[in-house]
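What follows is the residue order along each chain.
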Amino acid sequence: MTQDQALLFGLLALIFVLLIWGRWRYDLVAFGGLILALLLGLVPTEAAFDGFGHPATVVIALVLIISRGLSNAGVVELVAGWLVDAKRSLGQHIAIMAGLSAGLSAVMNNVAALALLMPVDLQAAKSAKRAAGLTLMPLSFASILGGMITLIGTPPNIVIAGFREEEMGAPFAMFDFAPVGLACAVVGLAYLATIGWRLLPRPGDGAGGSESLFELKNYIAELSVPEGAAAIAKTLEELETAVQAPEEEEGETLRFLGLLRGGQRLPGGARRIPIEAGDVLVVKADPAGLERTAAALGLALSEARQGDEVLKAQDLELMEVVVPQGAAVEGRSLLFMPTLQQMGVRAIGVARQGQRLHQRLRRLPIRAGDILLLFGPAKALPEATQRLGALPLASRGLQVIQRDKAKLAVGIFAAAILLASCGLVYLTVALAAAALLFVLFRVVPLRELYQSVEWSVIVLLGSMIPIGEALETSGGSDLLAAGLLSLAEGAAPWVILTLLMVVTMTLSDVMNNTATAVIAAPIAYEIATRLEVSPDPFLMTVAVAASCAFLTPIGHKNNTLIMGPGGYRFGDYWRMGLPLEIIVIAVSVPMILLVWPL
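Enquirer: Is there a simple way to explain the pattern of salt bridges in this structure?
Expert: Pairs may arise between side chains of opposite charge once their charged atoms sit close together. Enumeration according to the criterion identifies 7 salt bridges in this entry. Its salt-bridge partner being Asp536, residue Arg164 comes within 2.7 Å of it at the nearest N-O pair. With Arg164 in helix H8 (residues 155–168) and Asp536 in helix H22 (residues 536–547), this pair connects stretches of sequence that are 372 residues apart. By relative accessible area, Arg164 is classed as buried at 12%. When its relative accessible area of 8% is taken as the criterion, Asp536 is described as buried. In this structure, Asp572 engages Arg575 in a salt bridge whose closest nitrogen and oxygen atoms are separated by 3.8 Å. With a relative accessible area of 10%, Asp572 lands in the buried category. Overall, the relative accessible area of 36% leaves Arg575 in the partly exposed class. Where salt bridges share partners, they join Arg261, Glu276 and Asp279 into one cluster.

Enquirer: Help me understand the environment of Pro324 in this model?
Expert: Mapped onto the fold, Pro324 is located in the loop between strand S5 (316–322) and helix H13 (338–342). When its relative accessible area of 12% is taken as the criterion, Pro324 is described as buried. Measuring from C-alpha to C-alpha, the distance between Pro324 and Gly389 comes to 7.6 Å, with 65 residues separating the pair along the chain. The residues contacting Pro324, other than those within four sequence positions of it, are Glu330, Ala368, Gly389, Ala390, Leu391 and Leu561.

Enquirer: Please clarify how the confidence of the model for the protein chain should be interpreted in this entry.
Expert: Low-confidence regions, as indicated by low pLDDT, have predicted coordinates that should not be scrutinised in detail. Averaged over every residue, the pLDDT of the protein chain is 80; residues scoring 70 or more account for 85%. Per-element mean pLDDT across the protein chain ranges from 40 in helix H12 (residues 309–312) up to 95 in helix H9 (residues 178–194). A low-confidence stretch, residues 204–217 (pLDDT under 50), is modelled with 36 contacts involving residues beyond four sequence positions or located in other chains. Scored below 50 in pLDDT, residues 246–252 shows 7 contacts in the model against residues more than four places distant or in partner chains.

Enquirer: Got a minute to help me understand unusual backbone geometry in this structure?
Expert: Negative phi characterises most residues that are not glycine, and trans characterises most peptide bonds. The residue Ala233 is not glycine, and still its phi comes out positive at about 80°. Mapping Ala233 onto the fold places it in the loop between strand S1 (219–224) and helix H10 (236–243). A positive phi angle, near 60°, is found at Glu532, a position not held by glycine. Judged by its relative accessible area of 72%, Glu532 falls in the exposed class.

Enquirer: Even after reading the chapter, I still don't get the packing of aromatic side chains, so can you show me in this structure?
Expert: Using the criterion set out here, one finds 6 aromatic pairs in the structure. For the ring pair Phe163 and Tyr525, a centre distance of 5.9 Å and an interplane angle of 75° mean the geometry is edge-to-face. Of this pair, Phe163 sits in helix H8 while Tyr525 is found in helix H21 (residues 513–531), placing the two residues 362 residues apart along the sequence. One aromatic cluster in this structure is built from Phe172, Phe177 and Trp596. When the ring centre of Phe172 is taken as origin, the NZ or CZ atom of Arg164, which lies over that ring, is 4.8 Å away.

Enquirer: I keep staring at H22 and nothing clicks. Help me out?
Expert: An α-helical turn contains 3.6 residues, so a residue and the one three or four places further along point in the same direction. The terminal C-alpha atoms of H22, which comprises 12 residues, lie 17 Å apart, in line with the 16 Å expected from a rise of 1.5 Å per residue. The element H22 is largely enclosed, with a buried count of 12 among its 12 residues.

Enquirer: Explain the packing of helix H6 (residues 110–128) against helix H7 (residues 133–147) to me, please; I cannot follow it from the model alone.
Expert: Packed helix pairs are characterised by how far apart their axes lie and by the angle those axes make with each other. Contact geometry of H6 with H7 gives a least axis separation of 10 Å together with a crossing angle of 155°. Compared by their axis directions, H6 and H7 come out roughly antiparallel. With respect to the hand of their crossing, H6 and H7 are arranged in right-handed fashion. Contact with H6, carried on its side by Asn110, Leu114, Leu117, Met118, Asp121 and Leu122, involves Thr135, Leu136, Leu139, Ser140, Ser143, Ile144 and Gly147 of H7 and no other residues of that element. Within the contact of H6 with H7, the residues separate by chemical class into 7 nonpolar, 5 polar and 1 charged.

Enquirer: Would you take a moment to explain a nonpolar patch on the surface for this structure?
Expert: A cluster of nonpolar residues, Leu7, Leu14, Phe31, Ile35, Leu36, Leu39, Leu40 and Phe49, forms a patch on the protein surface that exposes about 690 Å² of accessible area. Of all the secondary-structure elements, those providing two or more residues to the nonpolar patch are helix H1 (3–21) and helix H2 (26–39). For Phe49, the location among the structural elements is in the loop between H2 and helix H3 (55–72).

Enquirer: Explain the packing of H3 against helix H18 (residues 455–473) to me, please; I cannot follow it from the model alone.
Expert: Taken N-terminus to C-terminus, the directions of H3 and H18 make an angle of 170°; their axes are 10 Å apart at the nearest point. Regarding the angle of H3 to H18, the classification is roughly antiparallel. Contact with H3, carried on its side by Ala56, Thr57, Ile60 and Ala61, involves Val457, Ile458, Leu461, Gly462 and Ile465 of H18 and no other residues of that element. Residues of the contact of H3 with H18, tallied by class, amount to 7 nonpolar, 2 polar and no charged.

Conventions we followed
- Residues numbered from 1 in each chain as written.
- Predicted model: local features only at pLDDT ≥ 70, side-chain atom pairs only at ≥ 80, totals over all residues.
- Heavy atoms only, no water.
- Salt bridge = Lys/Arg side-chain N within 4 Å of Asp/Glu carboxyl O.
- Helix = DSSP H or I, 4+ residues; strand = E, 2+ residues; numbered from the N terminus.
- Buried < 20%, exposed > 50% of the residue type's maximum accessible area, 1.4 Å probe, protein only.
- Contact = heavy atoms within 4.5 Å.
- pLDDT = per-residue confidence, 0-100.
- Phe/Tyr/Trp six-rings, centres within 6.5 Å; stacked < 30°, edge-to-face > 60°.
- Lys NZ or Arg CZ within 6 Å of the ring centre and 35° of its normal.
- Expected span 1.5 Å × (residues − 1).
- Axes fitted to C-alpha atoms, helices over the stretch in contact; angles between N-to-C directions.
- Parallel < 35°, antiparallel > 145°, perpendicular 65-115°, else oblique.
- Left-handed = near helix turned anticlockwise from the far one by under 90°.
- Nonpolar A, V, L, I, M, F, W, Y, C, P; charged D, E, K, R; others polar.
- Patch = residues over 30% accessible without salt bridge, like charges linked within 9 Å, V, L, I, M, F, W, Y side chains within 5 Å.
- Areas by Shrake-Rupley, 256 points an atom, 1.4 Å probe, with all protein chains shown as cover.

Structure (structure tokens):
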């Protein structure tokens, strides 16, 4: 092993550890790794930022813009309106929603597809009086399965296609992934709709079958006590008894967790200390409980002072939003969001599944998967949600949907895919033209153009591509390939291919799937070269395996996105995910060997 190889392996190990730890955002970790690789001389200076102009990076950005256009045109809402019916049985509902999720994910970014369908699924769960946690995980897994069907369905497919073009002179085409991806999706969806949801944890003890795992009563919020409030001179124990919901509203529970005075939390629960004007009450409740308590006791729902203009508005509303990975608000505290305050919007509650929050609400760093309760003017809430990079969990009625442009949007996108699939126009050019037409026809307003791109993914991919190329040029991928071959010495190629899939799946379960594809692609190519077989089945194996992150909430953004709304814990994912990964291996390996023979 050369010095460069040793340094490169050490750098990759450091990146993997930091990505798994999750203390810092993955795009910052990747970019920091790139800078360190440049300083160590592992990546040539002239190739430092080649990854940002790589076709795979450009295609992902364009797909995100087109996904925004399809969303703005109301295409998903129209389709969901035709298919979703809360009166169906749970299995039928999962089959329809999962099929819709997979179909949409095949032609648009799978995170965007889930973000559009999740509010629909939550509403259906509420109407049917069933646990949202029984359907959200199948919905998420289905979106991941659907992304495997086409080139643009998921970033790993785009990465693998770009790598093939560099090494073999031609990329995988739009529907080259379809035979394997479609087979995995069909079998996987059948499993999700019949067996998979039965493996999920049921609602907790005492929560009847109609109780949703998405319990808004888990919000931690702060209510300020103005002068003249009815709560003054009372204790927390007295208030809790006075404001409890009547028996017919038993779901709307409320608890007082503590008392803040002078910015400091009083010791213990401060349950018997008389409340004074200027105090802040720490409350655990649902939105209805917060509203009812604030009205009954004369408390303020936000940190705004009495007389603040926001409190005089006549159209104040509450909105629940979930924070995805890479959101602008991730890692920041509510204290450092002056733009929201200027709009008259406050984040008055935070729900973090399975954890009790001990910090002041406004100083609490927001994490991916958190649910925020926003309070402010109805017209300002959609823009505030967008600025946070969050996603609404309730109806999108406040969003302006251009339903009259749905046919136009679908036509433009279909034409781009058709031209690219027939080889008449290069895929990147076709998607760029579609994105430009979306802007010209205002399907995607100019102000939303750059907001549509998930820049954290672009930075991640642009940073990891040069490191992946360095792994190949330094001979590091040769060493890793040799090590994998030595583990399966004398075994048939299909056994080695299966082993490669298992290793890649394992990596994808604990780190970003795009980074997994970038690192695993050169190793797969080198294994095929050493075995003197076609690289295509090995590259296709990496594409499938890198997409299949079903064991943890951190392996794929969609898994993180559903954690809070579904009421899931870290250990819940493997229950349904492990059998699904085994199914994918059992289906994909024979299909890969059939469609892409060695």
